[in-house]
Structure formats: C-alpha cells, structure tokens
Amino acid sequence: MNSRLSFAHAAIALAIAAFLALFLVVPVITVVYVAFTNSDGSLTLSHFFSFFHLTLMREAFYNSLYVGGMSVLISSIIALPLAYFTVRFQFRGAILIQTLGVLPLIMPPFVGAAAMQLLFGRSGSVNLLLNEWFGFSIPFMDGLNGVIFVEALHYFPFILLNLVAALANIDSAMEESAQNLGASGWRLFRRIVFPLAMPGYLAGAALVFLKVFDDVGTPLVLNVTNILAAQAYLRITSIGIDDPIGYVASVIMVIAAVVALWGSTWVMRGRDYATLQRGGSSLARRRLKPWQALWAYGWIVLVLLVVLAPHLGILLLSFSKVWSYSILPDTYTLDNYVTVFRDSSGMMVNTLLYCGIAAGLDVILGIAIAYLILRTKLPARQWLDFIATAAIAIPGVVLGIGYLRTFKDFQLPFTDEPFTAFWLIIAIAYTVRRLPYALRSCMAALQQLHVSLEEAAENLGATKNRTIYRVVVPLMAGGILAGFVTSFLTAAVELSATIMLVTAQSDAPMSYGIYLYMQSIAGRGPGAALGVIAVITVGLGTYFSNRLIRNHAASRDAQLLKTGV
Amino acid sequence: METGHKTDTGVSVDIRNISLSYGKTPVLRDVTLAIKPGEFFALLGPSGSGKSTLLRLIAGFNQCQSGTLHVGGTDITNIPPWNRNIGMVFQNYALWPHMTVDQNVAFGLEERRLPRTEIARKVAAALELVGLADFGSRRPNQLSGGQQQRVAVARTIAIEPKLLLLDEPLSNLDAQLRLHMRVELLALQRKLGITTLFVTHDQEEALSISDRVAVLDGGVIQQVGTPMDLYDRPASAFIANFVGTINVISGTVTATSSGAIFESPLLGRVPLPAAVATSGSAQVAFRPHTLSLAPPEGQTAPGTIRIAGTIAGREFLGEFIRYNIAVQGNHLIADQPHYSGNIEFLPGSAINVGLDPTQLTLLPT
Amino acid sequence: MNRFKLLSSTLLLCLAYAGAWAQQQVVIVTSFPKELTEAYKKAFEAKNPGIRVEILNKPTPAGVAYIREAPASNKPDVFWVSAPDAFEVLSAEKLLAKIESPAKEVPAKIGNYPINDPKGFYLGQALAGYGIMWNTRYTKANKLPDPKEWSDLTKPVYFSHVAMSSPSRSGTTHLTVETILQGEGWTKGWRDMLMIAGNCAAITERSFGVPDGVNNGQYGIGLVIDFFGLAGKASKFPVEFVYPSITAIVPANIGIVAGAKNAENARKFINYTMSPEGQELLFDPQISRLPVLPSAYKKAPPGFPNPYTGTIKPKVNFNSDLSESRYYVVSSIFDHSITFRHKELVAATKAINEAAAKLSGKNHPQAAQLLAEARELAYSPVVSEEKSKDKEFLALYRNTKRDAERTKQTTALEEYWSNTARRNYEKAAELARQAAALVK
C-alpha cells in the first residue's frame, strides 16, 4: 500500500471517528458520566459496586441474556426456512415472501404491541376463541416468554435480510460439490450451506441479540420490568431522583453490546469465507418435489400468518371504531384515515426525509467502516466498529438528552436558531442509532467478497475509489440494500430519541404522530391508521428496491448464460 | 490400492438422445454418446458448446427435457445428484472454506455413514494418493492452487465413485503445473481404472491424455474418435480447425472409377487417395507440417505439388517455425522443424511450397 | 453525482425554511392527549390571531428533561401536565417562573389539598379524582360483580382481573397510593395495596396503560384517574367509572417556564385556560375533566360530577406535607416490593386464595393458622410504620443528590426490601399450600 493511499484511509477514518465522537461519544458521556461521579463532581466507582450488590440487577441481567438468546433461537427458526427456500429453490412468490418477511420491522412499537395484545393477549382474539371453543387460554404475552414471543416476531427480519444476502452470495459449486458427494436436504444445509452463510447469519443474529438485549419498549408494554434495559430506563426517567444506578445499567449494557459484538467477530476470526466467483456460476435454483413443496409452502404460510398477525391486527384496528373484548371490532369506519390524512400528511414527508438521510448516511458510513476494517491495516480500526455498534445499546432517551446538552449553545450559522431546534438533529440521531444495522450488513457483504475481484479491477487501471464505486459497491449491493432497508425501516419507527428532539410539530415524523394518537383515550384507531400508512409506504419502498436488485441480478445471470457455462 | 478400484470395475456411460434447453435457448440437441468402461474420455469444445452442461447433466445438476442417461447399465436419468455416486471435480475446486482439508475429504464418506476409523483411513489414503499426506489440518485458503486441485481430486476419489467427472480441471493452474498434473491425473485414472469424463476447451490437453474425444459445438456432437482419428480425419472444417492448425482449400471433386480427382486453381488437378460418392464443390485439408519449403531456385521434394508464394509472416515456436505464406490471393500455413543449420526464410522472400497429395484429407460437405 | 446535488439543495432549502419561521408563537410542553391539546390550540388561536400554539407532546419525565436541557435561547413557554411532583422538581431547580392566578374565585384548597402552588410557581388548571374503571363486557363474561370501593378490589373474586400503574411512573397513581395510606393508615393501607396488587394482572409502566387496557378488554378493572374513565365511556367503549368513597381530588397543573422565549404569550394562554370559556372546554366528552372554576359548573352537562357541591367529595383529609416527606420512600417501597416482585406476589395471592377457598366453611384450626401466617407474610409492608416515621430514614430519601454514600445506603435498602419481599411471598405461598394440603 502506498503512503498516499494510507493517508487517504487515515483521513477517512479520522473523519468517521470525528463524526462518532461528536454525535455519539461526547453526548453520551455528558449524560452517563453520572454513573462515575458524585454530585460534587468527584469521580467514584462506588455506584458500580452498589449496582452489583443488588440481586434485582443480577436477576435483570440474567433475564436479559435469556430473553436475548431465546429470541435469537426463535428468530432463526422463523427466518432460516424463509430465506433458504426462497433463495435456493424455484419458489413462486419468493420476492413477495421476502418482502412480507421484512414487514414486522416497520411495526411501530406502540401499535405493534397493541395489535399483538388484541390478537394474542389475555383477552385477545385467539384466546377468546380458544376459550369459547375449548375452555382454556394460552398466555402468549405473559412474562419473559411473552417478551421472547413478541421480540422474535418483531426482529427476525434482521436475520432474514442478512441471510438472504449471504445465501445468494454462495457460489453454487460449493453446494453442488456437496451434493455430488452424497449430501442432500437437511444435512446439506447443516453442513455446507449454513456454515458458508455464517457471516450473514451471525450479523443478523448479533443484531437480534443486541436489539432484544437493549430493547425497552416491548418489555415495558408487556409490563415486564425485571430486565436490564427496563431497569435502566425506569431509573433514568424517574422524576426527581438523581439515581446513578440507571446510568450504571446503561454503561453495562454498552459493555455487553461491545462484548457480544466482539464475540461474533471472534468466532469468524481467521476464516476467509469469500467465495471467489461471486455469481460466477449462475445460481441454479432447484426444483422442489410436490410433497416437499407442500411442506415448504405450508410452513411458510403458517409462519407468515403468525408473523403478519400484528399487521392484520392494526389493519382491523385502523378501520374500527370500538374494539373491546371481542374477537373482531364492533363497528367499522374510515374516519381514522380521514383524521390522519387531515392532520399528519406533513409527518409522512418528514419521516421519508429523515429516514432517507439517515439510511443513506448509514450506508455510506457502513461501507467506509467495513472497508477500513476489512481492507486496510490502519491501527485501531476495529474501534470504529465497536464504537459505532455501541450505539445500539444507548437508550434513545440518553442520546436525546445528550444532544440537547452538548449542542445547547450551538447556533445555526446565519440564523439565531439553536442547532437543537433544527430538524436535521433528528435525522442525525437516527443515523447514529441505526448505524449498527447498516454496518453489520455491509461488513457481512464485504466479508463474502473476495479481494481478488478488487485486485482485478485495480489491475485494469481502476483507482481505489473507482474500484469501490464500480466493483465493490455493486457486488455488495445485496448487503448494502439489506443495510439501507433495516436502517430506514427501524428509523421510521424510532420513538424515544424522537420525543426528546422534536421541537416543533411541523418537524415531527410519523412515529411521533403514532405515539400521540396512541395516547388518545378516544381509541387508538387513528394511531393504527397512521401505522398502516407507515407500513405500506415503507413496505412498498422495500419491495421496489428488492425488485430493482433482482432485475439487475437476473440480467447479469442471463448474460453469463449467453457467454458460456 | 486402498480405494479398492480394479481395472475391470469401470462402468460404461450411455447417453441417449438427450436434449436440454434453458428457456428457449437450446443448449444440448439430441446428444447420443457411449463411453466404454475404464475409458479416459474428453469432451472438447469452445465455450458455449454445451460441454459443461452435459457434464453437469451426468452429475445430476441439470435436468434434460428428453433422452435417457445410463451409467453401468442403470438408468439414472431421474436420480438426484446425491444418490448417483458419480464423483465430480469442479473447475474452481469448490473446497469449503469452513472445513480443513481432512474435513473436506471426509465429507462424502461421512455422508455415507462409514465408521469413523474407516473414514480416517480412507481420508489418509486419498491424501496420500495425491501427495498431500501432511496437509490434513490446513484450511483451503492456506493451500496453493495446485494443492487445492489435489484436495478436490482426493475429496472426490475418496468416495470411490463409479464415474469421475472433471470440469476443466487444469484451467486454473499455471502452464508448468498443468503439464505435470495432467500426467498425474492420467496415472491416477489408470491406477484406479475408473471411467473418467473430462471437459476441456484445450485441444492439446484433450489429445494428449484421453483415450477418446468427443467434440461439441452448438450443443451438437460433431465427432467422436481417438485423438489420432480426429487429427487425421476431421469430420468437418470446424473440427479440423479446432483440433490443431490446418490449411483448407476449396475446389471441386470429381468421382472416378479408381478414386477421385480434386481440382482447384491453386492446386490444379490432384488425385485423392479415397473414393467419393458424389461429385461437386468440395474442400481438402492438410496440416502445416506436411508442407515442405524450398527457395525459389531450389526443388521441392519429389512427388509433391509445387506452389510458388511469398513469406508474409513467421512465428518462432521453439520446435518449429510457423510461416504464413501468400499464394495467389490465399494464405497457407507451413511448419518447418527448427534445428541448427536449417534454412530460415525471411518475410518478403519468394518461396516454393511442396504439397504431398497423399496428405490431403477430403472434408465432408 | 446528481443525488448529492439533490441532497445538498434540499438541505439548503430546509435551512432557509427553518430560518424564515419567526412568527409569534407559544410553545407548550404537555403530556395531555391530543383531544385536549387540539381543542385548546384551536380555541386559543381563534381568539388570538397571529399567535401560533406549538404543542410538544412528551411523556412527563421526557418533558421535565426537555425543559431542563433546552438551550437558554430556546426555552419552551408553558409546562402543562397532571403530576404535581414534576412541577415540584422543576420549581426546585428554578426552572419555573412565578405566576399569579387570573381566576380569583378558585378556592385555595380542595379538601386539604392546595389547588395552586403555595409558593406561586404553578396553578391548578383542572381537577381530577381517582376512581375505578371497568369493562362491562369483561366483567359480564367473567361474572364479576361491579366494584365500588378500593377494598372491593382486594377480594379473591377479582384475582388477575385488575390493573394499576406504579407511583414511581405516574404522579396520579402516587396520589392514589398516598390517599389509601393516609385513609387506612400505614399498615392497613399497605395491606390493602398488596392485596390489590396481588389481584393485578399487570402493574403497567405508563398510567395510560391502565385505561387503555380496560378499554380494549385486556384488563377487567383498573385504578384510573377520572377523565380516563369518563372519556372512555364517552368514546363508546363498554366501560363504567365510579369514584370510591375514599378518594383524593387533586389539581392538574400548568406553569410558565423560567426564561420562556414567549413569556407574554404564555401568560395569555394560561389566562385563557383559566377563563370561563377555557374551563368549559373541559366538559367536552372526549376530555371530561373537572374545571377548577366553580362557576364553570353552571354549564356542565347533566350528571357531570362537581367536587364543589359534593356530588363527589374527598373523605380523606389529605396531608400534603406528609405525602411530600415520604414521597420517594413510598415509590421505592412500591417498586421493590410490588412492581419488581409482582410475579411472586401474584403466586402467593393465588396460593392463598386457593387455600382460603378450600378452608371456607371447614373448621381446621391448624390450617387456618397456617393461612393466617401466610397472609401476614404476604401482605405486610417491608417497612414498618415506626421506620416510616424515622427522620433519618426519610432524610436519606429527601436528599436527592447523588453521592457514593447515599447510593450505597439506598441500594442496600432496595436490596433488603426486594429480597425480603420475595422471601415473604415465596414463604407465604408455601404456607398456603401446606394449609390447603391439610384440608382434604
């Protein structure tokens, strides 16, 4: 590597580090320093000892680990068949299934939990039916298991998206050679396909784990408080007490996130999973035998039914006037949509703008960090990854307060407006909070890409930049798309930082509007309607970007066919 | 030999009337081919000729729309790849990066649920056979190209397949290694006696090691024969050109009682050694090294037809020099052995070309 | 590079747009639902053309943090939430400006509770009483009698049908708990509280979670603030609401933020909300709050409760000094012995109820003894009445400053409460099971 190049790399790395320092590290430290100090400002570690002295906190910690681990397991059971069947077999509606499979991510937190309660709760449709017919009910939504149930249904798309990208990147010869040696079916999957898709799977699984470990919304809606994130949140937001234990819990969550992340990279250490011929041999989608197809479709339909139940629930809710202790709503109406369109069309535009900016920045930062880590030898480059990913463990409230505190005296140039009142700060908060998603996807995609493909381009006279632009990025397209989509979708439903940072209703995004409507005693119909609109808008976006990538891939395959093989 | 093959254990392969198309693009058209037990058989053709498709079809990765496939007398047309027991070595080796060399080689044996000790024994034997006995604990990305290729071969022969398929097995190796490996492959095949089918686009590779060769083009089998058959009696101008370098002259042929006469402006009237069924326009072909060259004042060899021309260009190829000679608006290619003291012709100089009529091959039209 | 151009021009445009936004306005931070805030926004803007009302809806804790952290150049103007504790915190941090009540006819106290802040930093804008709300479909399907009093909710028949919030999450829930503690006394009050909590299907994190869950039938019965019940009913949900005889009526408050950017507009807005016209807006069925202005009740819809005429009246003489002195102690005890140990408490209650059912009508002194022990264990507060009056103990919780020593002491207490509660509940369940096993 020549020195000018490594200078450029270092400059980019420093720019990213500066961005992370300004918008993540400093704001968070201005808040969580509480965990290390007395109110007179003197440093102390005593709060940490106090924290570990609490049985409740240890319990909460183990509960968080359990919920995280189990959610990964259940998410995998849902996502693996969806990904495998649709990528590796001739499957009608594969794109549709993959798109539908992503929908749960767009479920805004309040709406999703409300819809799940209406369907699976103690007086939900399913239990009312069970009770009517069989005289018993199932506590789907109770306690830790309820949290696992809801979290797995909500976050399995992280695994699905990354796995689909990883599976599509596996050279089909890898699979064929195993078949040739006698492997088929489950064994083929377990021994060859799954291990080869491991970078993608781990990326997804790590995200699910981190997300569930740090999620506060779902447990609180289900009234589960004995987990770490809930304890941190409850203590930080309790009024009037300057309670350092909540901040200690936050710091410990950040550490746990970094450790989990480091663990997943440690598993992959020293392994070169790049398949040389990306798309080298056109992917032969196998045909399913009729009985296999029956099983596969049966399973997928069942999974999709459960997974999309909340969407069905909010759809019903959005058209309902009153839905109370009944299997279906009593009366139906279009009023909720009229209300929403009258009051909140600006929010839709805001959501698209903020999330577009955030996801765009996330992807750019994600590619840059992934490239610096996997393709350069810069010292301490791994820290960019750790710091960026630690964002996932920062409670939104903490980040929001941190921004308000850090940029308090910062004026926008040419105006007397404070920076904290400028809407861009919301988009930046989204960028920082959702960067870990895009980053994991970009890392997995680049990991699967063999360096020789880049060397070939450079050999043909392309500069580093041109190579990244013309070879790396297009070949990473699947992973980048997955990253963009997850960042975008999850930013669209971000609430905790949003609530802190909205300074004018005209700047509010949809998630704020949903929160507002869901607080209404007159029923959650308008909130559900806004939720449905959010799901449709973002879902359509996902579907079309998926199709775009597919068509691109299909035309490339067709060309390969023409030129030989 | 540990893997247990005897020369008489090779199986026959019977490909009957197989057609295959991707969508509307036909890739194989009515292909019929019989391969004898123990044969080292090459599928030769340019890229896009359908040779790899045919190989993958035999392995079970492609499904034909019509026709049948028999291996060792058994119809396997509808058997899935994992039940065929046909070994295949992939062009890029397809070694699994998440497994060590040992694990790669053991994979097929594990799928066959062999006892652990037997697997260990067979893995060791297979690696021994390819000369990689000490490499078992490495990962594929720690091996050189040639070593990876040997692992791929070891992995395949470890399962003792009844038929071995090689997809461009040498194309990813450097020239030196390629020569070495092809000799090794042949020796291995002879040792195991296993029927082997290999796909290549390199005519030299095909001619040098295979017992018989089938030439494919456009999804159709053009000719099947021993390397010498193909070389000496190509069935078409395409084969003649694809299998070595050749000169082709157009003219007319007339059947006579004793044989045939070929006539063209360049050659005049030339009697042909073989009889023909019909008269009409025809082509004759002859190899560059059958031509003799002489300076304009010198004589060509007795019994040859003398053609005057000019040297248009030359290539030094080590064992011989290849001259491109302009003759009456046509070009001929002539190879002259190179040894010290031999006369060298410079571009631009006039020359006499001697053509031995017995070396002419009449190409079917 | 077209995309970049597009992005950067959008950015510039939006910058310009942000700068051009310098109209007269008043910024209100509130936790109230949209129905209420929209009604006031519309009415006020119609009355004061040229002043735009900017509503920032945030949960109370986020609202407090927002006001605390907002830059001096851009402080919001009005803070408007139910919980008096939030106002106390803000006023202690000097984040509220003094305010004079524009409505002189508002009495100084309702019951024993001062309507306006005696120190003059915030005003009562509406009144609210706590009560019981239930879903009629739910109670019918589960054959539950209609509850009338807090003590009804301690009965086994309501097991797993009730829901309430936690005093640490909701200022109004805190008032309810404090009302019960003052009305029944410390020990008896906690006993009732623990029995009600043992009957709860959930201790919700947000106070709104209770009426929400009752509205949609998730829970049968909830402890809610009156307007949730009244507005739910008005919105055609199959719910009923009742004030129990022991209840507190307390103000929902409004105040001006210190250093407000539009202080003059803020005063105008607050004056409006206290005017007869502004007070009458509260009668809207979707809002259903009680005006503080006694004269406003002349226009009340028929059947609307009036705290000034005695249609509802607080029976407890609420001692707000006592409440304040042990504010965080009550919250913390509740969380550590109920919220975070709810699973164990419910299990104990279940075992006790089952044993009691088996024992009823039978004379089995040994089993009865065991059951009484179980009840004693499960339903005794982890802090005795004496200790609750201990000055030193209370001081620990009144000092809200964070330092290592204090944290060490409070966490040690929390640890003790939490473990004691769990041990008690587990032991109680065990004793109850033993009692049940004795009766065949």
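Residues numbered from 1 in each chain as written. Chains lettered and ligands numbered in written order. Predicted model: local features only at pLDDT ≥ 70, side-chain atom pairs only at ≥ 80, totals over all residues. Heavy atoms only, no water.

Undergrad: Any chance you could explain the overall build of chain C here in plain terms?
TA: Check the secondary structure of chain C and you find 18 helices and 13 strands. Taking all contacts inside chain C whose residues are at least 6 apart in sequence as the whole, residues at least 24 apart take part in 74%. Surface accessibility of chain C: about 17,400 Å² in total, with carbon and sulfur atoms responsible for 56%. Looking at charge distribution, chain C has the averaged site of its 54 positive side-chain charges lying 4 Å from that of its 43 negative ones. (Helix = DSSP H or I, 4+ residues; strand = E, 2+ residues; numbered from the N terminus. Contact = heavy atoms within 4.5 Å. Areas by Shrake-Rupley, 256 points an atom, 1.4 Å probe, with all protein chains shown as cover. Lys, Arg positive; Asp, Glu negative; His and termini not counted. Charge placed at Lys NZ, Arg CZ, Asp CG, Glu CD.)

Undergrad: Please clarify how the arrangement of the chains should be interpreted in this entry.
TA: The pair of protein chains exhibiting the most contacts, out of two pairs of chains in contact, is chains A and C. For chain B and chain C, which are not in contact, the least C-alpha distance works out to 38 Å.

Undergrad: Would you mind going over the interface of chain C and chain A with me for this structure?
TA: When the parts come together, some accessible area is lost, and that loss is often what is quoted as the size of the interface. Each partner contributes residues to the interface: chain C has 83 residues there, and chain A has 78 residues. Where chain C abuts chain A, roughly 7,000 Å² becomes buried across the two surfaces, and 55% of that area is made up of carbon and sulfur atoms. Our enumeration of links across chain C and chain A arrives at six salt bridges. For Arg-341 of chain C, the salt bridge goes to Glu-59 of chain A, with nearest N and O atoms at 2.9 Å. The biggest single contributor to the side of chain C that touches chain A is helix α18 (residues 404-438) of chain C, with 11 residues. Looking at side-chain class alone, the side of chain C that touches chain A contains 35 nonpolar, 25 polar and 23 charged residues. (Buried area = accessible area lost by both parts, 1.4 Å probe. Salt bridge = Lys/Arg side-chain N within 4 Å of Asp/Glu carboxyl O. Nonpolar A, V, L, I, M, F, W, Y, C, P; charged D, E, K, R; others polar.)

Undergrad: Even after reading the chapter, I still don't get the interface of chain A and chain B, so can you show me in this structure?
TA: The interface is formed by 26 residues belonging to chain A together with 32 residues belonging to chain B. The junction of chain A with chain B conceals about 2,700 Å² of combined surface from both sides, 58% of it contributed by carbon and sulfur atoms. Among the residues chain A hides against chain B, the three largest losses belong to Asn-180, Leu-181 and Arg-191 of chain A. Together they make up 27% of the total. For the interface between chain A and chain B, the tally reads four salt bridges. Here Arg-191 of chain A ties to Glu-110 of chain B by a salt bridge, and the two come within 2.4 Å at their closest N and O atoms. The interface formed by chain A and chain B holds 11 residue pairs in polar contact (both at pLDDT 80 or more) in total. Elements with a minimum of two residues in the side of chain A that touches chain B: α8 (172-180) and α9 (185-196) of chain A. (Polar contact = N/O pair within 3.5 Å; in protein donor to acceptor, adjacent residues only side chain to side chain.)

Undergrad: Looking at this structure, I do not really get the domain arrangement of chain C. What am I missing?
TA: If you check the domain split of chain C, you get domain 1 (21-125 + 251-299) and domain 2 (326-440). Here the C-alpha centroids of domain 1 of chain C and domain 2 of chain C sit 40 Å apart. (Domains from an automatic or database assignment.)

Undergrad: Mind showing me how you'd approach the pattern of salt bridges here?
TA: Working definition: two side chains of opposite charge can pair if their charged atoms are close together. Under the counting rule described, the total for this entry stands at 40 salt bridges over all chains. Across the pair Lys-51 of chain B and Glu-168 of chain B runs a salt bridge, and its minimum N-O distance is 3.9 Å. Remark: Glu-168 of chain B occurs in the loop between β7 (163-167) and α5 (175-192) and Lys-51 of chain B occurs in helix α1 (residues 51-59); sequence separation between them is 117 residues. Residues Lys-188 of chain C and Glu-184 of chain C are paired through a salt bridge, measuring 3.6 Å at the closest nitrogen-oxygen approach. Residue classification places Glu-184 of chain C among the partly exposed positions, given a relative accessible area of 28%. (Buried < 20%, exposed > 50% of the residue type's maximum accessible area, 1.4 Å probe, protein only.)

Undergrad: Is there a simple way to explain the sheet that holds strand β9 (residues 212-217) of chain B in this structure?
TA: The strands that make up a sheet are held in pairs by hydrogen bonds between backbone atoms, and each pair lies either parallel or antiparallel. Residues and elements named next belong to chain B. With mixed pairing, the six strands of this open sheet are ordered in space as β6-β7-β8-β3-β9-β10. Each edge of the open sheet carries a strand with a single partner, namely β6 (86-89) and β10 (220-225). Across the sheet, the mean angle from the axis of one strand to that of its neighbour is 20°, orientation sign disregarded. Judged from the five bridges that link them, β9 and β10 form a sheet pairing that is antiparallel. When the bridges of β10 are listed, Val-213 appears paired with Gly-225. Against the sheet, α1 contacts β3 (40-44), β6, β7, β8 (195-200) and β9, and its axis sits at roughly 145° relative to β7. (Pairing = 2+ DSSP bridges. Axes fitted to C-alpha atoms, helices over the stretch in contact; angles between N-to-C directions.)

Undergrad: How do you make sense of the side chain of His-311 of chain A when you look at a structure like this?
TA: As for its position among the elements, His-311 of chain A is in helix α14 (residues 290-318). When neighbours within four sequence positions are excluded, His-311 of chain A is seen to be in contact with Leu-103, Pro-104, Met-107 and Val-535 of chain A.

Undergrad: Would you mind showing me how to read the packing of helix α4 (residues 145-157) of chain B against α5 of chain B here?
TA: Angle between the axes and distance between the axes: these two values describe a pair of packed helices. Residue and element names in this part refer to chain B. For the pair α4 and α5, the least separation of the axes is 12 Å and the interaxial angle reads 15°. Taken as axis vectors, α4 and α5 run roughly parallel relative to one another. Crossing handedness for the pair α4 and α5: right-handed. Where α4 abuts α5, its residues Gly-146, Gln-149, Arg-150, Val-153 and Ile-157 lie against Leu-177, His-180, Met-181, Glu-184, Leu-185, Leu-188 and Leu-192. (Parallel < 35°, antiparallel > 145°, perpendicular 65-115°, else oblique. Left-handed = near helix turned anticlockwise from the far one by under 90°.)

Undergrad: What is the right way to look at a nonpolar patch on the surface in this model?
TA: Residue and element names in this part refer to chain A. A grouping of Leu-73, Ile-74, Ile-77, Trp-299 and Leu-302 is seen on the molecular surface, where their side chains present a nonpolar patch of about 430 Å² in accessible area. Elements represented by at least two residues in the nonpolar patch include exactly α3 (55-88) and α14. In terms of residues, the nonpolar patch owes the most to one element, α3, which gives three residues. On the basis of relative accessibility, which here comes to 31%, the residue Ile-74 falls in the partly exposed class. (Patch = residues over 30% accessible without salt bridge, like charges linked within 9 Å, V, L, I, M, F, W, Y side chains within 5 Å.)

Undergrad: Would you take a moment to explain unusual backbone geometry for this structure?
TA: Across the chain, the bulk of peptide bonds are trans and the bulk of non-glycine residues have phi less than zero. We note that Glu-160 of chain B has phi near 50°; this positive angle belongs to a residue other than glycine. Residue classification places Glu-160 of chain B among the partly exposed residues on the basis of a relative accessible area of 24%. Phi angles above zero are rare outside glycine, and Ser-288 of chain C is one such case at about 50°. Tracing the chain through its elements places Ser-288 of chain C in the loop between α11 (276-280) and β13 (290-291).

Undergrad: Help me understand the pairing of strand β11 (residues 247-255) of chain B in this model?
TA: Side-chain positions along a regular strand alternate between the two faces of the sheet. Residue and element names in this part refer to chain B. Where β11 and strand β14 (residues 280-286) come together, seven bridges link them in antiparallel fashion. Each bridged residue has a counterpart across the sheet, and for Ser-250 the counterpart in β14 is Gln-283. Hairpin connection between β11 and strand β12 (residues 260-264): a loop of four residues separates the two successive antiparallel strands.

Undergrad: Help me understand the sheet that holds strand β18 (residues 330-337) of chain B, please; the structure alone is not making it clear to me.
TA: Residue and element names in this part refer to chain B. Reading across from one edge, β15-β19-β16-β17-β18 is the order of the five strands in this open sheet, with antiparallel pairing throughout. Both outer strands of the open sheet, β15 (291-294) and β18, are each paired with one neighbouring strand and no more. Geometrically, the sheet is characterised by an average inter-axis angle of 45° between neighbouring strands, direction not taken into account. As defined by bridge partners, strand β17 (residues 320-327) adjoins β18 across eight bridges and the pair is classed as antiparallel.

Undergrad: Explain the confidence of the model for chain A here, please?
TA: Any region with low pLDDT has predicted coordinates that should not be read closely. All names here are of chain A. Residue-level pLDDT values for chain A average 81, and 88% of them are 70 or greater. Across chain A, the element-wise mean pLDDT spans from 67 in helix α24 (residues 525-562) up to 90 in α3. Of the regions scoring below 50 in pLDDT, residues 276-283 engages in 20 contacts with residues more than four places distant in sequence or in other chains. Confidence over residues 556-565 falls short of pLDDT 50; this stretch has 10 contacts with residues more than four positions distant or in other chains. (pLDDT = per-residue confidence, 0-100.)

Undergrad: Where do I start with helix α10 (residues 263-274) of chain C in this structure?
TA: Since one α-helical turn is 3.6 residues long, residues separated by three or four positions face the same way. Under the 1.5 Å per step criterion, the end-to-end length of α10 of chain C is 17 Å for 12 residues, consistent within 8% with the ideal 16 Å. Residues Asn-265, Ala-266, Phe-269, Ile-270, Tyr-272, Thr-273 and Met-274 of chain C constitute the buried set of α10 of chain C. (Expected span 1.5 Å × (residues − 1).)

Undergrad: How should I be thinking about the side chain of Asp-507 of chain A in this particular structure?
TA: Turning to its location among the elements, Asp-507 of chain A is positioned in the loop between α22 (496-501) and α23 (510-518). Within the buried core, Asp-507 of chain A has no salt-bridge partner, and the shortest N-O distance to an opposite charge, that of Arg-52 of chain C, equals 9.0 Å.

Undergrad: Is there a simple way to think about the nonpolar core in this case?
TA: Among soluble globular proteins, nonpolar side chains are generally buried collectively. Counting 427 residues, the largest nonpolar core has Tyr-403 of chain A together with Phe-79 of chain C as its most contacted members. Looking at which element gives the most residues to this core, the answer is helix α15 (residues 335-375) of chain A, with 18 residues. Other than its neighbours up to four places away in sequence, Tyr-403 of chain A contacts Phe-23, Pro-27, Lys-408, Thr-420, Ile-425, Ile-428, Ala-429, Val-432 and Leu-501 of chain A. Ranked by size, the runner-up nonpolar core spans 28 residues in total, among them Leu-266, Leu-272, Val-276 and Ile-325 of chain B. (Core = buried A, V, L, I, M, F, W, Y, C linked by side-chain atoms within 4.5 Å.)

Undergrad: How should the packing of aromatic side chains be read in this particular structure?
TA: Given two aromatic rings, one states the distance between the centres and the angle between the planes to describe the pair. All chains considered together, the criterion is met by 53 aromatic pairs over all chains. Look at Tyr-155 of chain A and Phe-158 of chain A: their rings are 5.6 Å apart centre to centre, the planes differ by 5°, and that puts the pair in the stacked class. Of this pair, Tyr-155 of chain A and Phe-158 of chain A are both found in helix α7 (residues 143-168), three residues apart, which corresponds to roughly one turn of the helix. Across the pair, Phe-158 of chain A and Tyr-155 of chain A agree in class, each one buried. Within the aromatic cluster, the residues linked to one another by ring pairs are Tyr-84, Phe-85, Phe-89, Trp-186, Phe-189, Phe-194 and Tyr-201 of chain A. Over the face of the ring belonging to Tyr-66 of chain C we find Lys-58 of chain C, whose NZ or CZ atom lies 4.2 Å from the ring centre. (Phe/Tyr/Trp six-rings, centres within 6.5 Å; stacked < 30°, edge-to-face > 60°. Lys NZ or Arg CZ within 6 Å of the ring centre and 35° of its normal.)

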